[in-house]
Amino acid sequence: MPRLSRLLFLPVCALLGCIYVSYAHALGVAYVINSAGSSISVVDMATQKEVRRIPALREPHHLILTPDGRSLVVGDTAGNQLLFLDPATGAVQQRLPVADPYQLQFSPNGKFLTVNGLARNQVDVYDAATYKLIKRFPVVATPSHLAYTPDSGTVFVSLQDSDKLAAFDLRTMTPKWTVPVCKTPAGVLWLNGHVLVACMGTDIIAVVDPNDGKIVQRVVTGKGAHNLFLSPDAKILWVNNRAGGSTVAMDARTLKVLARYEIPGGPDDIDFAPDGRLWITRRWAEKVAVLDPKTGTFQTIDVGRSPHGLFLVPAAPSPAGTPGR
Amino acid sequence: MDDWFDLAAGWLQENLLIPFLYWSGLMNWEDVSYGWALFALYGLAQVIVTFAVCLPLERWRPVERWANQDAVWVDMVYTVLSRVGVLPFVTYVLFYRAQVTVTGWMADQGWVAPTLESLFPVLLGKQALTFVLYAIILDFADYGRHFLAHQFRWWWALHSLHHAQRQMTFWSDDRNHLLDDVIAFVWFGVIALLIGVPPLQFPLLVLVLRFLESLSHANVRLSFGWLGERLLISPRFHRAHHGILAAGQKSCNYGAVLPWWDMLFGTADFSRDYVATGDPSGEEALASGTWAQQQMAGLRRFLRAVPVGRRVAQG
């Protein structure tokens, strides 16, 4: 909104019962992790401006909401720490020592938290209620991303440096299989009874049989296919291509490419806003792109160095009045 | 200003490094390559800023003038290798891997290595202040490392390469034997593990510190005045450290950026004025050889000085 318009608009709204504030509340907050800046940007989704930064310890990468929705858990890899934030306010709730937390996800049944230790070559399964380590799986090498089966019985982990995909049985806490999958596998996603793997060293995503790890299909998406995300209505599969600098929309059922959008600057993680737009971190541009798939255009938001994980909390109160620092 | 470097590194990453990594099947290095791009660009900026400031100073008020400056060219090679080329990359990768392994093991035991920010939570979010405190601690650690390098015969054998330069200029700061660099790397690696030095959070301030270290080696008649020399190390103060020792003289002024440690431990000498530099006790190749000849000469001297532990007076 132009500054002059807002200057006129705000006093009117104040008189009319702060309609503007209600509107801003509806749009919420985005949390963007600045990996190389060691901080978390708090972005007002209404104004699309960064309003403040939450300091992390060393090098945070990914974040996930706890099953009860009360905390955002940020994995600080080099800091060996989980940072718990109140998703509504960004207030730090606690810091927990955990070795090398890179990619992390809670299982669909809420029982487990799986943490990939990318630098330490380990996949750790924690009790999601107590954060006690249940099982450590040593792997070769560099466990990157992960996905669960819907019944939480198996977790799949891409092993970036050995070009493999590994499956671990969470009922017996034993390895199931580890198989070659493609060059430099990164993002992993469960979709329609299969495991999808983004192959960053190539231009494809691999469709893998979860029972034995065999590849049943390869689909070209773009150079350096890095990460995959399913739209909230489960109809569109979104893939970010790191080397090609593009984001593609695919039919989630047929895996046919529907549209391609140029997103330069190393597109990485995606989250979906209620208005249908996609928020995409651009690792080497210090920016978040807000892509409108209808028009194919995107707006940019300045954040910190090497923005990686991001999480939208549309229900959170607007932080517009919070002083920046 | 940090943003300019970040955007330049991003451009380098997107247009040169990523296409190369993708083409060569090395995309698993894509995160590391961005770190290297930042390191290399800040290193390049260090070289350019140092060159732009120090060269006019050296032309303006040189301590010495030399007809032949071949030895200075070799020092330039050291600087480029150290600040822009392979060394920053190796340092970044090794440092990162080592730090992750050790601190991760400690986290497994339920103990996170202390950092200034965890010891003093008030520092969280105050990046500039935190950096200044880290810089002071690291400068003290460097004083200790440098002092010990002059006390042990084997270590001095390596470190004497740094002191062999008779044509000391701002390029001489990085003139070190590779093994001496490795020791320094391990030394700071251990310190970093103890206090959790953040690797890439304060690159611009690191640039300033490295500039001051280069300036202290410059061939220029420059003093910061009575008070200034007790706050920051000047070219005059550090030149005394590189001076050829007369009979009965001891080495002095081991500090890198801050003279406080020399003052605290009685090794400061503010009286020596623009002395001649060099190390007459070493073979000539250490002073005037090529980069490879200097390295080999340093290695020979080191091997002659082993076994470790004997103390020496020179330097």
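Everything numeric here is computed off the predicted structure, so don't read it as measured data.

Comments concerning the state of the cysteines
All names here are of chain A.
Item 1. Under the defined criterion, the tally for this structure stands at 1 disulfide over all chains.
Item 2. The disulfide bridge from Cys182 ends at Cys199, spanning 2.1 Å between sulfur atoms. Measuring the twist about the S-S bond at about -90 degrees, one finds the Cys182-Cys199 disulfide to be left-handed. In this pair, Cys182 is assigned in the loop between strand S15 (174-180) and strand S16 (185-191) and Cys199 in strand S17 (residues 194-199), connecting sequence segments 17 residues apart. When sorted by exposure, Cys182 lands in the same class as Cys199, which is buried.

Regarding the side chain of A:Ser152
Residues and elements named next belong to chain A.
Item 1. Structurally, Ser152 is set in the loop between strand S12 (143-148) and strand S13 (154-159).
Item 2. A residue is classified by how much of its surface remains accessible, and Ser152, at 3% relative accessible area, is buried.
Item 3. There is a polar contact of 2.9 Å between the side chain of Ser152 and the backbone nitrogen of Asn109.

Considerations on the sheet that holds strand S5 (residues 72-76) of chain A
Strand-to-strand pairing in sheets goes through backbone hydrogen bonds, with the strands running parallel or antiparallel.
Residues and elements named next belong to chain A.
Item 1. Strands sit in the order S4-S5-S6-S7 across an open sheet of 4 strands; the sheet is antiparallel. Edge positions in the sheet fall to strand S4 (60-65) and strand S7 (92-97), since each of these pairs with one other strand and no more. Shown here is a sheet whose adjacent strand axes are inclined to one another by a mean of 20 degrees, direction ignored.
Item 2. Summarising the sheet, S5 and strand S6 (residues 81-85) pair through 5 bridges and their orientation is antiparallel. When the sheet's bridge partners are listed, Asp76 is paired in S6 with Gln81.

A closer look at the interface of chain B and chain A
Item 1. Chain B puts 42 residues into the contact, and the matching count from chain A is 43 residues.
Item 2. Among the salt bridges present, the one from B:Asp31 reaches A:Arg283, with a minimum N-O distance of 3.1 Å.
Item 3. For the interface between chain B and chain A, the tally reads 9 residue pairs in polar contact (both at pLDDT 80 or more).
Item 4. Among the elements of the structure, helix H1 (2-23), helix H2 (30-60), helix H4 (86-108) and helix H6 (127-149) of chain B are those that each provide at least two residues to the side of chain B that touches chain A.

Observations regarding the packing of aromatic side chains
Each aromatic ring pair is summarised here by two numbers: the centre-to-centre distance and the angle between the ring planes.
Item 1. The tally for this structure, following the rule as stated, stands at 23 aromatic pairs over all chains.
Item 2. Judged by centre distance (6.1 Å) and plane angle (20 degrees), the ring pair of A:Phe156 and A:Trp190 falls under stacked. Of this pair, A:Phe156 sits in strand S13 while A:Trp190 sits in strand S16, placing them 34 residues apart in sequence.
Item 3. Judged by its relative accessible area of 1%, A:Phe156 is buried.
Item 4. Where B:Tyr78 meets B:Trp291, the ring centres are 6.3 Å apart and the plane angle is 50 degrees; that geometry is what we call tilted.

Some thoughts on the side chain of B:Gln46
Residues and elements named next belong to chain B.
Item 1. Looking at the secondary structure, you find Gln46 in helix H2.
Item 2. On the basis of relative accessibility, which here comes to 7%, the residue Gln46 falls in the buried class.
Item 3. Apart from residues no more than four positions distant in its own chain, Gln46 is found in contact with Arg83, Val206, Leu207 and Arg210.

Digging into a nonpolar patch on the surface
All names here are of chain B.
Item 1. Together, Trp226, Leu227, Leu231, Trp260 and Met263 make up a nonpolar patch on the protein surface, roughly 550 Å² of accessible area in all.
Item 2. Elements represented by at least two residues in the nonpolar patch include exactly helix H10 (225-228) and helix H12 (260-265).
Item 3. On the secondary structure map, Leu227 appears in helix H10.
Item 4. Using a relative accessible area of 54% as the deciding quantity, one classes Leu227 as exposed.

Thresholds, definitions, all that
Each chain carries its own residue numbering, running from 1 in the written order of its sequence. Each chain is given a letter, starting from A, and each ligand a number, starting from 1, according to the order in which they appear as written. Whole-chain, interface and lining totals are the exception, using all residues; otherwise, since this is a predicted model, local features are given only for residues with pLDDT of at least 70 and side-chain atom pairs are given and counted only at 80 or more. As a convention, hydrogens and water are excluded, and side-chain values are obtained from all of the structure's heavy atoms. By convention in this document, the label disulfide applies to cysteine sulfur atom pairs within 2.5 Å. Working definition: helices are DSSP H or I runs of at least four residues, strands are E runs of at least two. Numbering for both runs from the N terminus. Burial classes: relative accessible area under 20% of the type maximum marks a residue as buried, over 50% as exposed, and values in between as partly exposed (1.4 Å probe, protein chains only). Think of a polar contact as two N or O atoms within 3.5 Å of one another; within protein, one of them needs to be a possible hydrogen donor and the other a possible acceptor, and neighboring residues in sequence only count if both atoms come from side chains. We treat two strands as partners when DSSP finds at least two bridges between them. Think of each axis as a best-fit line through the C-alpha atoms, taken over the contacting stretch in the case of a helix, with angles from 0 to 180 degrees between the N-to-C directions. The contact criterion used throughout is that any non-hydrogen atoms of two residues lie within 4.5 Å. Salt bridges, as used here, are contacts in which a Lys or Arg side-chain nitrogen is within 4 Å of a carboxyl oxygen on Asp or Glu. Each pair of aromatic rings taken from Phe, Tyr and Trp, with Trp reduced to its six-membered ring, is defined by centres within 6.5 Å and is described as stacked if the planes are under 30 degrees apart, edge-to-face if over 60, and tilted in the remaining cases. Patches draw on residues past 30% relative accessible area with no salt bridge. Two like charges within 9 Å are joined, as are two nonpolar side chains (Val, Leu, Ile, Met, Phe, Trp, Tyr) within 5 Å. Here the open area of atoms and residues is found with the Shrake-Rupley method and a 1.4 Å probe, where only the protein chains shown may cover a residue.

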